[in-house]
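Listed here are the chains, written in short residue letters.
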Amino acid sequence: MTREYRGTRLTIRYCEQPPEGVEPDDWIPPSWQKALQHIPAPKHPSCWAKMLVRRERLANEGQLRSPDHWNTEGTLPDGKHFYAIKADRLRAYGWFSGRHKRVFYISHFACKKGQKLAQEDTNQVIKNWRLIEEG
Amino acid sequence: MTDFLEHWANQSEANAKLVAQERLMTEVTETIWKAMETAGINKADLANGMGVTKGHVSQVLSGSRNMTLRTLADICFALDLTPKFRVEMQRCDQPWESPGQNVVAFKPPPLRYAPPGNFSMPEKDWPAAA
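Every value quoted in this text rests on a predicted model; they were computed, and no experiment measured them. (Residues numbered from 1 in each chain as written. Chains lettered and ligands numbered in written order. Predicted model: local features only at pLDDT ≥ 70, side-chain atom pairs only at ≥ 80, totals over all residues. Heavy atoms only, no water.)

Engineer: Would you explain the overall build of chain B in this entry?
Structural biologist: Helix and strand content of chain B: five helices and two strands. Its helices and strands taken in sequence order, chain B reads α-α-α-α-α-β-β from the N to the C terminus. Within chain B, the proportion of its 130 residues that are buried is 23%. Total accessible area on chain B stands at roughly 9,900 Å², and carbon and sulfur atoms take up 55% of it. (Helix = DSSP H or I, 4+ residues; strand = E, 2+ residues; numbered from the N terminus. Buried < 20%, exposed > 50% of the residue type's maximum accessible area, 1.4 Å probe, protein only. Areas by Shrake-Rupley, 256 points an atom, 1.4 Å probe, with all protein chains shown as cover.)

Engineer: I tried to follow the sheet that holds strand E3 (residues 70–75) of chain A on my own but got confused; where do I start?
Structural biologist: Sheet strands pair by backbone hydrogen bonding; their relative direction is either parallel or antiparallel. All names here are of chain A. As summarised here, the arrangement of the six strands in space is E1-E2-E6-E5-E4-E3, forming an open sheet in which the pairing is mixed. The open sheet has two edge strands, strand E1 (4–6) and E3, and neither has a second partner. On average, each strand axis in the sheet is tilted by 30° relative to the strand beside it, whichever way the strands run. As defined by bridge partners, E3 adjoins strand E4 (residues 81–87) across four bridges and the pair is classed as antiparallel. Residue pairing in the sheet places Thr-75 in a bridge with His-81 of E4. This element, helix H2 (residues 44–61), spans E1, strand E2 (11–14), E3, E4, strand E5 (90–96) and strand E6 (103–111) of the sheet and lies at about 135° to E4. Packing against the sheet, helix H3 (residues 119–134) makes contact with E3, E4, E5 and E6, and its axis sits at approximately 155° to E6. (Pairing = 2+ DSSP bridges. Axes fitted to C-alpha atoms, helices over the stretch in contact; angles between N-to-C directions. Contact = heavy atoms within 4.5 Å.)

Engineer: What exactly am I supposed to notice about the side chain of Glu-30 of chain B here?
Structural biologist: In this structure, Glu-30 of chain B sits in helix H2 (residues 13–39). Despite its burial, Glu-30 of chain B pairs with no opposite charge, the nearest such side chain being Arg-57 of chain A at 4.4 Å. Within the structure, Glu-30 of chain B has its side chain in polar contact with the side chain of His-69 of chain A (distance 2.6 Å). For Glu-30 of chain B, the contacting residues outside a window of four places in its chain are Arg-57, Gln-63, Leu-64, Arg-65, Ser-66 and His-69 of chain A. (Lys, Arg positive; Asp, Glu negative; His and termini not counted. Salt bridge = Lys/Arg side-chain N within 4 Å of Asp/Glu carboxyl O. Polar contact = N/O pair within 3.5 Å; in protein donor to acceptor, adjacent residues only side chain to side chain.)

Engineer: I keep staring at a positive patch on the surface and nothing clicks. Help me out?
Structural biologist: A cluster of basic residues, Lys-34, Lys-43, Arg-89 and Lys-113 of chain A, forms a positive patch on the protein surface. Inspection of the secondary structure puts Lys-43 of chain A in the loop between helix H1 (30–36) and H2. (Patch = residues over 30% accessible without salt bridge, like charges linked within 9 Å, V, L, I, M, F, W, Y side chains within 5 Å. Charge placed at Lys NZ, Arg CZ, Asp CG, Glu CD.)

Engineer: Looking at this model, I keep getting lost on empty space enclosed by the protein. Mind explaining?
Structural biologist: In this approach the atoms are scanned with a rolling probe the size of a water molecule, which exposes any empty space left behind. What the rule picks out here adds up to one cavity of 30 Å³ or more. One number sums up the size of the largest cavity: a volume of about 30 Å³. For the lining of the largest cavity, a count of residues per class yields three nonpolar, one polar and three charged. (1 Å grid on protein atoms, 1.4 Å probe; cavity = no way out; pocket = protein on both sides within 12 Å on 5 of 7 lines; lining within 4 Å. Points joined across faces, edges and corners; volume = space filled by probe spheres on them. Nonpolar A, V, L, I, M, F, W, Y, C, P; charged D, E, K, R; others polar.)

Here's what the structure looks like:
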């Protein structure tokens, strides 16, 4: 069963999915766990809550407007952009699917360390984009 | 269907409370940004309208500085908006009160001055100046 969040305007679907045999409720995307390791533990609850409500708002409104919540990031192979939901230094990189209508795919989570988008995050998004949109 | 974020929120009362706080802050901030976009106003314009620095506006909108109700009122005033406050019972199909009564408009009613009946006007009884 695919893990996703359905809002009134968009479905937020994760490229990372629980492996066979793992109870979905006990599963957390590995990239989220890895990204959180770069954040001081006392700030973890705030990051969870912020990411939850911002992906909820995106799903229900179809967009996020505040530059503190949302950013246009790099370019995809089809010339369109991919984006990031922001929660402090954490990012949920994703794109609006052309193949699956009204679906925003979250490629992976990451902790942004500098000002610039990391090349490895761009590569990961493009890899996932190819799997979903061209696969 | 829930995801891992909702699962986390449901794990404790403290988590659910934090989500409720962030939800309100996100909703207010996003609504302000939408109004700014509609009006074609940027942070510098809003700061000018409020008589504060752009840095102050940035801090308030990013959540790094607490937004007081007074600041929210100032933002709305600068954007020529009328804020409305509404609460609803969770997990309940019926509104908390009858429709209309749970909506509080903060815009003041137009001023209509009418002296009350028991208002004395002593100057009427003063003798005219010679």
